[in-house]
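# Inside the fold
Below are the chains, spelled out letter by letter.
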Amino acid sequence: MKIAQVAPLYERVPPKFYGGTERIVSCLTEELVREGHDVTLFASGDSLTSARLAPVCDEALRLNQEIKDDILYHIILIEEVARRAAEFDFIHFHLNYLHFPIARRLPTPHVTTLHGRLDLPEYVPLYREFPDAPVVSISDSQREPLPQLNWQGTVYHGLPEDLFQCRTDRGKYLAFIGRFSPEKRVDRAIEIAKRSGIPLKIAAKIENTELDYYKSEVEPLLDDPLIEYIGEIDEEQKQDFFCNAYAQVFPIDWPEPFGLVMIEAMACGTPTIAFRCGSVPEIIDDGVTGFIVDSVEEAVESLKRVAALDRENCRRTFQKRFSAERMLKDYVKIYGRIQSESPSVAA
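This text gives an overview of the structure that appears in the document. (Residues numbered from 1 in each chain as written. Predicted model: local features only at pLDDT ≥ 70, side-chain atom pairs only at ≥ 80, totals over all residues. Heavy atoms only, no water.)

## A look at the sheet that holds strand S11 (residues 245-250)
Ordered in space as S10-S9-S8-S11-S12-S13, the 6 strands form an open sheet in which the pairing is parallel. Single-partner strands in this sheet number two, and they are strand S10 (227-229) and strand S13 (290-293). If you compare each strand with its neighbour and ignore which way they point, the axes differ by 20 degrees on average. One ladder, built from 3 bridges, connects strand S8 (residues 173-179) with S11; its direction is parallel. Within S11, the position partnered with Ala175 by the bridge is Gln248. Here helix H7 (residues 235-243) sits on the sheet and contacts S8, strand S9 (200-205) and S11; the angle it forms with S8, its principal contact strand, is near 140 degrees. (Pairing = 2+ DSSP bridges. Helix = DSSP H or I, 4+ residues; strand = E, 2+ residues; numbered from the N terminus. Axes fitted to C-alpha atoms, helices over the stretch in contact; angles between N-to-C directions. Contact = heavy atoms within 4.5 Å.)

## Topic: empty space enclosed by the protein
Over the atoms a probe the size of a water molecule is rolled, and this reveals where empty space is left. In total, this model carries 3 cavities of 30 Å³ or more according to the counting rule given. Put simply, the largest cavity is a space of about 60 Å³. Together, Phe17, Tyr18, Ile177, Gly178, Ala203, Ala204, Lys205, Glu232, Ile233 and Lys238 line the largest cavity. Counting residues per element, the ones that place at least two in the lining of the largest cavity are S8 and S9. It is S9 that provides the largest number of residues to the lining of the largest cavity, a total of 3 residues. Here the lining of the largest cavity is composed, by residue class, of 6 nonpolar, 1 polar and 3 charged. Size it by volume and the second largest cavity reaches roughly 50 Å³. (1 Å grid on protein atoms, 1.4 Å probe; cavity = no way out; pocket = protein on both sides within 12 Å on 5 of 7 lines; lining within 4 Å. Points joined across faces, edges and corners; volume = space filled by probe spheres on them. Nonpolar A, V, L, I, M, F, W, Y, C, P; charged D, E, K, R; others polar.)

## Concerning the pairing of S8
Within S8, 7 of the 7 residues are buried, leaving the element largely enclosed by the surrounding structure. Bridging between S8 and S9 involves 6 bridges; their strand directions are parallel. The residue bridging Arg179 from the neighbouring strand is Lys205, located in S9. Where the polypeptide runs from S8 across helix H5 (residues 186-196) and back to S9, its parallel neighbour, the crossover connection is right-handed. (Buried < 20%, exposed > 50% of the residue type's maximum accessible area, 1.4 Å probe, protein only. Right-handed = clockwise from strand over helix to strand, strands pointing away.)

## Digging into the state of the cysteines
As enumerated under the stated definition, the model contains 0 disulfides in all. In this structure Cys166 is a free cysteine whose sulfur lies 6.8 Å from that of Cys243, the closest cysteine sulfur available. Judged by relative accessible area, Cys166 falls into the partly exposed class, the value being 26%. This cysteine, Cys243, is not joined by any disulfide, and Cys268 carries the nearest cysteine sulfur, 3.9 Å off. Residue classification places Cys243 among the buried residues on the basis of a relative accessible area of 2%. (Disulfide = S-S within 2.5 Å.)

Scope: geometric values only; no functional claims are made or implied.
Below you can see the structure in the form of structure tokens.
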């Protein structure tokens, strides 16, 4: 099958540092190529792939501080995909909704994976206008605000089994990885560390739009001997970061669509203490791969039980539920069904 994968341009595919969507696009693209499909990846020019790369800009937009309007590059991207649409048997978009007006007019069967939150009120009129757009959710909970969409399935993220290795030795610190944004609640992670007396290592990205929040709300909390901010880390550094941790803390306060770091930790055998929001109950098996909690107090108490969890069982759960191979099979099944139902194919 000739397949186009259309990635956002903010990060490289795969990303050098933070970038869940681009990481998943990379994993899926490489698995499709491995299965023998003819894949073209529309992405930034610094992307690394075994597929045919169709670069739209020279480098990931986040790395170029001179770019002030990133939407224009995505408009160019969508136009390029539309111009070449007839070359493909199937097009898979990862751009949220930006391409919808063009995609509904394409002759080629397509689907869009929605990688972000859907609970914002402004999405209601948007999706009312595009009820026919075929979309995929990354968790069942992500669908709840807009159950009426043209859902084609839920496909949980997956990662290559050889990306991370499991270690059975328990570390002595808590791990937090993510962005310094209000909904990620690093303040809760810091409070959990202080109450439990367990050191916390923070690997986090600071977006320009969140710099004020970091300066006013987060930076004052870092002045404690238990708290260590190590900056943004890459894929290779994640292995040791997770494996050497006692547990990961995922103290979110928003309807998380998926939460890739939960399965990254799981792949390393590291349990996650996660707050009951969004996809968390779908990803974490309570008492197996971590604990699901509703308060800081419960999080602190659950840390006393982490030592009883089997880290090798965490790894086995990852292999069973969240491998890239399983993700590939789920998507190929959806591609085939949409293709068979497409009027353009039937004609």
